[in-house]
Amino acid sequence: PGYQAYPGKFEYSDRYYDDNGLVGIDYIDAYESTKNLLYLAKAKEVFTFIKSGWSDDFGGGVSWLEGVRDQKPACTNGKATVFSLKLYQATKDKRYLDEGLLFYNWMMSHLLDSTLHIIWNSFSTVSASPDKVFYTYNTGTMIQSSVRLYKITGDKKYLENARLLAEGSFKYFIKKTDNGITYIDDLPWFNVVLFRGYHELYDIDHDPKYVDAII
């Protein structure tokens, strides 16, 4: 079972793994807030669907659209990373931590721009190369994942990764108009995901630089 792009009454439509990542994250957040086991069961079900899209070519990763393997995007695999780690923190089932590390390591080895310290949009399985376009939410998921891995493991390399990604995204996306007004050069809901990453890093570092830029 998995969630399709449009309501079932309109009959069959495509199922996107990144959309399911959003649904799964909301389910696990709902469980954390309410302790309603139905939400936890639904979250696990969604994760099973996402993982069904994993393939081992090009080191792993999940595609964008069910049944189409032309790309492995950051939007799918980054959300799956956050989702896996949240599932682990909610259940303490090590399987979800192991899955989260698989997603995390794939993202950092295939989609990290190590010069700008932001995340590329996708990896093309056709050209066997990354699509070097940047969106705020892709880096946001990896900041959030890095912070959570630091909290889980205590390994400071993850905290350093979070700091590098936060600064890289700040330099790339946070702009000022000629009269000094700050704006973010991307779509608003994408920026919300970046803010989630900044906010979780703020809880560790207590440096308001990044959250203040969003505000």
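Rules used throughout
Every chain is numbered on its own, with residues counted from 1 as its sequence reads. With the structure being a predicted model, the display of local features is reserved for residues of pLDDT at least 70 and the display and counting of side-chain atom pairs for 80 or more, all residues being used for whole-chain, interface and lining totals. Side-chain figures throughout are based on the complete set of non-hydrogen atoms in the structure, without hydrogens or water. To qualify as a nonpolar core, a set must consist of buried Ala, Val, Leu, Ile, Met, Phe, Trp, Tyr and Cys residues joined through side-chain atoms within 4.5 Å. Accessibility here uses a 1.4 Å probe with only protein chains present; expressed as a share of the type maximum, an area under 20% marks a residue as buried, one over 50% as exposed, and anything in between as partly exposed. Every residue pair with non-hydrogen atoms within 4.5 Å of one another is taken to be in contact. Criterion for a salt bridge: a side-chain nitrogen of Lys or Arg within 4 Å of a carboxyl oxygen of Asp or Glu. A pair of strands is labelled paired if DSSP reports no fewer than 2 bridges between them. Per the convention used, a helix needs a DSSP run of H or I reaching at least four residues, while a strand needs a run of E reaching at least two, with both numbered from the N terminus. Here the aromatic set is Phe, Tyr and Trp, taking the six-membered ring for Trp, and pairing holds for ring centres within 6.5 Å; pairs whose planes are under 30 degrees apart are stacked, those over 60 apart are edge-to-face, and all others are tilted. Multiplying one less than the number of residues by 1.5 Å gives the expected span of a helix. Contacts described as polar in this section are N or O atom pairs within 3.5 Å, which, within protein, must combine one atom able to donate a hydrogen with one able to accept it, while residues neighboring in sequence count only if both atoms come from side chains. Fitting a line to C-alpha atoms yields each axis, with helices limited to the stretch in contact; the angle taken between N-to-C directions then spans 0 to 180 degrees. For classification purposes, an angle smaller than 35 degrees is called roughly parallel, one larger than 145 roughly antiparallel, one from 65 to 115 roughly perpendicular, and anything else oblique. For a crossing to be left-handed, the near helix must be turned anticlockwise from the far one by less than a right angle; the clockwise case is right-handed. Classification convention: Asp, Glu, Lys, Arg as charged; Ala, Val, Leu, Ile, Met, Phe, Trp, Tyr, Cys, Pro as nonpolar; all other residues, Gly among them, as polar.

## Observations concerning the nonpolar core
Move 1: Among the nonpolar cores identified, the biggest contains 52 residues, and F83, L87, L111, I119, I143 and L201 are the most heavily contacted of them.
Move 2: When neighbours within four sequence positions are excluded, L87 is seen to be in contact with I28, L40, A43, K44, F47, K92 and Y96.

## Structural notes on the pattern of salt bridges
Move 1: Following the criterion strictly, the structure yields ten salt bridges and no others.
Move 2: The residue K35 makes a salt bridge to E32 at a minimum N-O spacing of 3.2 Å.
Move 3: Judged by relative accessible area, E32 falls into the partly exposed class, the value being 34%.
Move 4: Here the salt bridges share partners, and the residues they tie into one network are E167, K171 and K209.

## Structural notes on the pairing of strand β4 (residues 129–134)
Move 1: As paired strands, strand β3 (residues 118–124) and β4 are joined by four bridges and run antiparallel to one another. Bridge pairing in β4 places S124 opposite S129.
Move 2: With antiparallel pairing between neighbouring strands as the criterion, β3 and β4 make up a hairpin whose turn holds four residues, including A128 at a positive phi of roughly 55°.

## Observations concerning unusual backbone geometry
Move 1: We note that H117 has phi near 60°; this positive angle belongs to a residue other than glycine.
Move 2: Structurally, H117 is set in the loop between β2 (112–113) and β3.
Move 3: Backbone geometry at H206 places phi at a positive 60°, although glycine is not the residue there.
Move 4: Inspection of the secondary structure puts H206 in the loop between α7 (188–205) and α8 (209–214).

## Description of the packing of aromatic side chains
Move 1: Inspection of the entire model under this criterion finds 18 aromatic pairs.
Move 2: Both rings, one in Y16 and one in W64, keep their centres 4.8 Å apart while their planes meet at 55°; by these two values the pair is tilted. Of this pair, Y16 sits in the segment before α1 (17–34) while W64 sits in the loop between α2 (37–51) and β1 (71–73); the two residues are 48 residues apart in sequence, bridging distant segments of the chain.
Move 3: The class for Y16 is buried, based on a relative accessible area of 17%.
Move 4: In this structure W64 comes out as partly exposed when scored by relative accessible area, which is 33%.
Move 5: Their ring planes at 85° and their centres at 4.8 Å tell us that W189 and F190 sit as a pair that is edge-to-face.
Move 6: For F190, a relative accessible area of 9% corresponds to the buried category.
Move 7: One aromatic cluster is present, built from ring pairs that chain together Y135, Y137, W189 and F190.

## A short note on α7
Move 1: For α7, spanning 18 residues, the distance from its first C-alpha to its last is 25 Å, which sits close to the expected 26 Å at 1.5 Å a residue.
Move 2: Within α7, burial applies to F190, N191, V193, L194, G197, Y198, E200 and L201.
Move 3: Packed against the buried residues of α7 are α5 (136–153), α6 (156–173), β6 (182–184) and α8.
Move 4: In the segment just after α7, H206 is the residue with positive phi, at about 60°.

## Concerning α2
Move 1: Between its terminal C-alpha atoms α2 stretches 21 Å, which fits the 21 Å expected from 15 residues at 1.5 Å a residue.
Move 2: Between a side-chain oxygen at the N-terminus of α2 and the backbone nitrogen of L38 the separation is 2.9 Å; the capping residue is N36.

## Some remarks on the packing of α5 against α7
Move 1: At a closest axis distance of 7 Å, the pairing of α5 and α7 adopts a crossing angle of 25°. Put simply, α5 runs roughly parallel to α7. As for how α5 packs across α7, the hand of that crossing is left-handed. Counting all contacts with α5, which are made through T136, Y137, G140, T141, I143, Q144, V147, R148, Y150 and K151, the residues of α7 involved are W189, F190, N191, V193, L194, R196, G197, Y198, E200, L201 and I204.
Move 2: Looking at the contact of α5 with α7 residue by residue, the class counts come to eleven nonpolar, six polar and four charged.

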